[in-house]
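Reading the structure
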Amino acid sequence: MTGKQRTDDRFLDAPISRRQFVRLSAVTGGALSLPGSALSDHSSEKTGDRYEFLRNHTEEDYEIPTLIRLSEASGLDALSKLDLTAYRETHDPEPAAYGRLDDDVIDAVLDVAAVSELEHSPGANPFWKLPAYAESVFPAPEEAVDYVGYEETEAALEHFAEDHPDRFEVDSIAESLGHRNLLEGAREPRDIRVAEITDDIGDREAFERKEKLVYTLSIHGDERPGVEAGSRFIERVLAGEEPEVEAVLDDVVLVFLYANPDGWLARQPHYSGQRNAFERVTATGVDPNRQYPTAGWIDPVHYPADPDGADLIDDSSGVDADVPDRVAEHAPDALAIAQHMRGYENVELFCDLHGMHWSEEFVVSLVANAQYDHEQLLGIDRINRAVGDGIETEIGSLEENMEAISSATERYDPVREADGDLPDDEAMVPDSLYDFGTAHDTLDYSTTGAFLGWAAHPEDSGGLGAKSIALEMAFANTLSPMEKEYLPELAAVQTGAYVGALRAVSREAPSLSVPEIDGEGSTAVVASDSLMRSSDALSFAGAEAEETRTTAEVDGDAKKTVTLAVSPPTDEVSIHIRPGDPAPIRATLYDPSDDEKRAVDGVSGRSRRESVWTITDPETGRWSIEIENLRSVDTEVAVLVDAVVSDTSDDAPDPRDVLGYEQRLYDSTPLAYFEEYDEFAAGTIELVSPAEVEAGALLVDDEPAYENVVVIHDAFEADGLDSYVEAGGTLVLTDAGVRLLGALDAESLDAIDGRAISTGEYEFAALDDHIARDHPLLENTREIERELWTLAPRGYAIGEEAPVTTVVPEVFEAAGGSIAATVDGGVAVGSLENVHVIGSLLPPSSQDHLHPFGLLDYSVSLLGHTILSNALGYEIGRGENAPLF
């Protein structure tokens, strides 16, 4: 909607709360006496303190979103002739207008006699501050004047609660730290809101029984489509416009979390002094999606927020008093959110709505790092496929939306003009509408401490046991010097896509049904105590975290080198490269021998996150980080270094010393994967001991006693396997078990010498570019799938630690083998007649690093689950390998 718009008879009553009114209007003193450098000195009896502050402390061309109140309707004629940006007007319930006014236009508007007041009014609905609401509280994106505002949303949620008391509740679960309000000179905490929709919401007993579907809306404040779509979806459900969703509300509660008010409000100049810049982080300066108490490796730069406190025991009804001080200071939001979410029973699904930059796909879905059994993996697969269908049903094909999506590339023109070295417009446009996989499959990265990973972990590991996915939307973020300009046509496509996804998830998740693993055959898994990892066996070393922060000022089109000294005994160094603004940079890490160890190209890939590097057992000496500024304008880059230093490298660092938490007790074994596999398999899965294998238990009357035998370790003599293979049984060797190939003398394996087998450590347990999708072991896998299992939940740091055992391809093929996939050129997935190789899938967990919240038993991806099942001759019932959308 452009130009002048008249909106009549469209408002319903929805006054803002007293608390909000006080916050907005009870300010004292003139702008010149308040913090901030005034650029001008304007005042008027028609403008209040907040409006005058904004006018006097922003540049002349800054356009203030303004509600223009009038004493009589005749003033609208005069305003309509001023050609105001985003001009709107209404007569009902009172004459008023809206526009975005720069300094010159403000004077012209004030000169209109009928204008009685100018009021700062950020948000999508131009008239949300009037004492009534439009029929559509949140206007359609193409009719909105801007992004949905925080204060506007608070008022809207309260309005919904009043109008739908039997189906909708909204609550504040905590307050954020809050940005410093430059007008008032003090921090202004803001409410973290949770909204719930279900039938008969007051029946708490029924509420507890129902499945909970949790949607996180824009946990990163600069990724707006989550809030844009989620807020409108709430309104659509309550307005009766989503009958398929309403049909499940007898059995389901929809939970919407507004997780980051600080990043949302950072765009307002009286909080940050920025122009149109939302922020990824909270007012504490940390990424809110990295601070959750996930099992496995914890990056020491993070502030893992477990509300049960240092002893990990729930001592009170709220956040416990013994939470480490550093956590309470930096992650109060995560503490409150984790505490609230643990209060729900039957959490079925978490869906986190994010945004990214350009991408090969318009939307991707990331499966959270977690321990998923067959039912969860296949359930997530079905949900993800439903998401793609839902998006396409709502907005149509990529081609149908290409004009609106392509318009987003123009946003990056200011970066190109500043020599930002970006791809051209055509290269930025997505090739497909949607796809899904692990975080590494889709966005080439992984992490620890993420909200969804925590929610997906089992309850005995502190999580919620939920299926968890995160959706990423293209062109939903900015690079400096871009501004977050609101593009209605693009916003309509983005919002529509996520509304379609929300509808599909809400409809699909409650009715999920997955088949058993089909196949009558029996499988023996060779067990070993060597695979067990237990907190009882941990020997802690005294440890400490040495934190440094260096801010590098890098001139335009220039490079700067930051150095750091590593001295013994250092167990781990975590390095974050964080541009002061969302700027495109390149950065390269060199070790003391000047060998390149890590690198990031800030203008490639699908998502422009800060770079996070982890180096375990780092070489002693001086390391260097070369930072290249790709623009002609100067920039600042923060380099955060957190080194974990222990008394000895032989023992695990004590989490009490570094993070302030006790160690959660645990026993972890990858053999648990097979125990859970057995629950869903039509055939039988049985654990056998190495002694039984050596005693001949794999054969009965010289025939295989089991259709399959799986070995994931080499902690026994392989003699008992030769006769089994010679008898025609299927042998599956994974992880260290692959090394047994060199010791087997069966005729089909005799050509493979142990020297052709090696174990390397890699950044990810993922297949490389040589993948034969038509190989039987890769049947029903998809092109995007590469990662076999995720590292962090198993205790492995993300940084060249994933163990993968491979075979030299020439040797493998000479022995008659067929190669399905490689890692670093070695055979990682392949077959030698009735022997199958999977080079990495179920290694024992690592206890070398900080893991205060325990270790998971396994973290096999759907790709890994499929490959192993194919090797066993089982059908797991996933969708076919067909192009998606």
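Refer to the preceding data block for the structure.
The structure contained in this document is the topic of the report that follows. (Residues numbered from 1 in each chain as written. Predicted model: local features only at pLDDT ≥ 70, side-chain atom pairs only at ≥ 80, totals over all residues. Heavy atoms only, no water.)

In this structure, Ile 234, Leu 254, Met 341, Phe 350, Phe 362 and Phe 674 are the most contacted members of the largest nonpolar core, which totals 183 residues. When residues in this core are grouped by element, the largest group, 9 residues, is from helix H19 (residues 488-508). Listed in part, the 31 residues of the second largest apolar core include Phe 716, Val 738, Ile 819 and Leu 832. (Core = buried A, V, L, I, M, F, W, Y, C linked by side-chain atoms within 4.5 Å. Buried < 20%, exposed > 50% of the residue type's maximum accessible area, 1.4 Å probe, protein only. Helix = DSSP H or I, 4+ residues; strand = E, 2+ residues; numbered from the N terminus.)

So, about helix H21 (residues 672-680). Three- or four-residue spacings in an α-helix give side chains the same orientation, since the helix completes a turn every 3.6 residues. Ala 672, Tyr 673, Phe 674, Tyr 677 and Phe 680 are the residues of H21 that are buried. Contacts made by the buried residues of H21 are with helix H13 (374-395), strand S18 (522-526), strand S31 (684-688), strand S34 (708-711) and helix H25 (862-872). (Contact = heavy atoms within 4.5 Å.)

Leaving glycine aside, a negative phi is the common case for residues, and trans is the common case for peptide bonds. Cis rather than trans, the peptide bond between Ser 480 and Pro 481 has omega equal to 10°. The topology assignment puts Pro 481 in the loop between strand S17 (467-473) and H19. Of the consecutive residues Pro 568 and Pro 569, the connecting peptide bond is found in the cis state with omega at -10°. The backbone of Asp 557 shows a phi angle near 50°, a positive value even though the residue is not glycine.

This part takes up the pattern of salt bridges. Opposite charge on two side chains makes pairing possible when the charged atoms of those side chains draw close. Tallied over the entire structure, the rule returns 47 salt bridges. In this structure, Arg 280 engages Glu 223 in a salt bridge whose closest nitrogen and oxygen atoms are separated by 3.3 Å. Taken together, the residues Arg 280 in the loop between helix H10 (269-272) and helix H11 (325-330) and Glu 223 in the loop between strand S12 (211-217) and helix H7 (225-238) connect sequence positions 57 residues apart. Accessibility assignment for this pair places Arg 280 and Glu 223 in one class, buried. Overlapping salt bridges, with partners in common, bring together Arg 69, Glu 94, Glu 117, Glu 119 and Lys 129 in one network. (Salt bridge = Lys/Arg side-chain N within 4 Å of Asp/Glu carboxyl O.)

One open sheet accounts for 4 strands, arranged S22-S27-S24-S25; its pairing is antiparallel. Two strands lie at the open edges of the sheet, namely strand S22 (559-566) and strand S25 (596-601), each paired on one side alone. Mean inter-strand twist for the sheet, computed between neighbouring axes without regard to direction, equals 15°. One ladder, built from 5 bridges, connects strand S24 (residues 585-590) with S25; its direction is antiparallel. Directly across from Arg 586, in S25, lies its bridge partner Asp 601. (Pairing = 2+ DSSP bridges. Axes fitted to C-alpha atoms, helices over the stretch in contact; angles between N-to-C directions.)

Overall, the coordinates contain 9 cavities of 30 Å³ or more when judged by the stated rule. Lining the largest cavity are 27 residues, and of these Ala 368, Asn 369, Thr 447, Ala 450 and Gly 453 lie nearest its centre. At the level of elements, strand S15 (361-367), helix H18 (451-456) and S17 are the ones that each hand at least two residues to the lining of the largest cavity. When residues in the lining of the largest cavity are grouped by element, the largest group, 3 residues, is from H18. Of the residues in the lining of the largest cavity, the class split is 12 nonpolar, 10 polar and 5 charged. (1 Å grid on protein atoms, 1.4 Å probe; cavity = no way out; pocket = protein on both sides within 12 Å on 5 of 7 lines; lining within 4 Å. Points joined across faces, edges and corners; volume = space filled by probe spheres on them. Nonpolar A, V, L, I, M, F, W, Y, C, P; charged D, E, K, R; others polar.)

Another aspect to go through is the sheet that holds S15. Sheet strands pair by backbone hydrogen bonding; their relative direction is either parallel or antiparallel. Ordered by their spatial adjacency, 8 strands build an open sheet running S8-S11-S13-S12-S14-S17-S15-S16, and the pairing between neighbours is mixed. Edge positions in the sheet fall to strand S8 (168-175) and strand S16 (432-438), since each has one partner strand and no second. Taking each pair of neighbouring strands and ignoring which way they run, the sheet shows an average axis angle of 20°. The strands touched by H13 are strand S14 (347-353), S15, S16 and S17; relative to S17, the strand with the most contacts, the crossing angle is about 30°.

This part covers the packing of aromatic side chains. Summed over all chains, the structure comprises 22 aromatic pairs. Pairing Phe 207 with Tyr 344 gives two aromatic rings, centres 6.4 Å apart and planes at 35°, and the pair type is tilted. Taken together, the residues span a long stretch of sequence, with Phe 207 in helix H6 (residues 204-209) and Tyr 344 in the loop between helix H12 (332-342) and S14 at a distance of 137 residues. Residue class for Phe 207 comes out buried when judged on its relative accessible area of 2%. Given the relative accessible area of 9%, Tyr 344 is considered buried. Their ring planes at 80° and their centres at 5.2 Å tell us that Tyr 673 and Tyr 858 sit as a pair that is edge-to-face. Of this pair, Tyr 673 sits in helix H21 while Tyr 858 sits in the loop between strand S42 (835-838) and H25, placing them 185 residues apart in sequence. Among the aromatic side chains, those forming a connected cluster through ring pairs are Tyr 673, Phe 674, Tyr 677, Tyr 858 and Tyr 874. Seen from the ring of Phe 278, Arg 224 lies directly overhead, with NZ or CZ sitting 4.7 Å from the centre. Positioned above the aromatic ring of Phe 436, the side-chain terminus of Arg 782 is 3.7 Å from the ring centre. (Phe/Tyr/Trp six-rings, centres within 6.5 Å; stacked < 30°, edge-to-face > 60°. Lys NZ or Arg CZ within 6 Å of the ring centre and 35° of its normal.)

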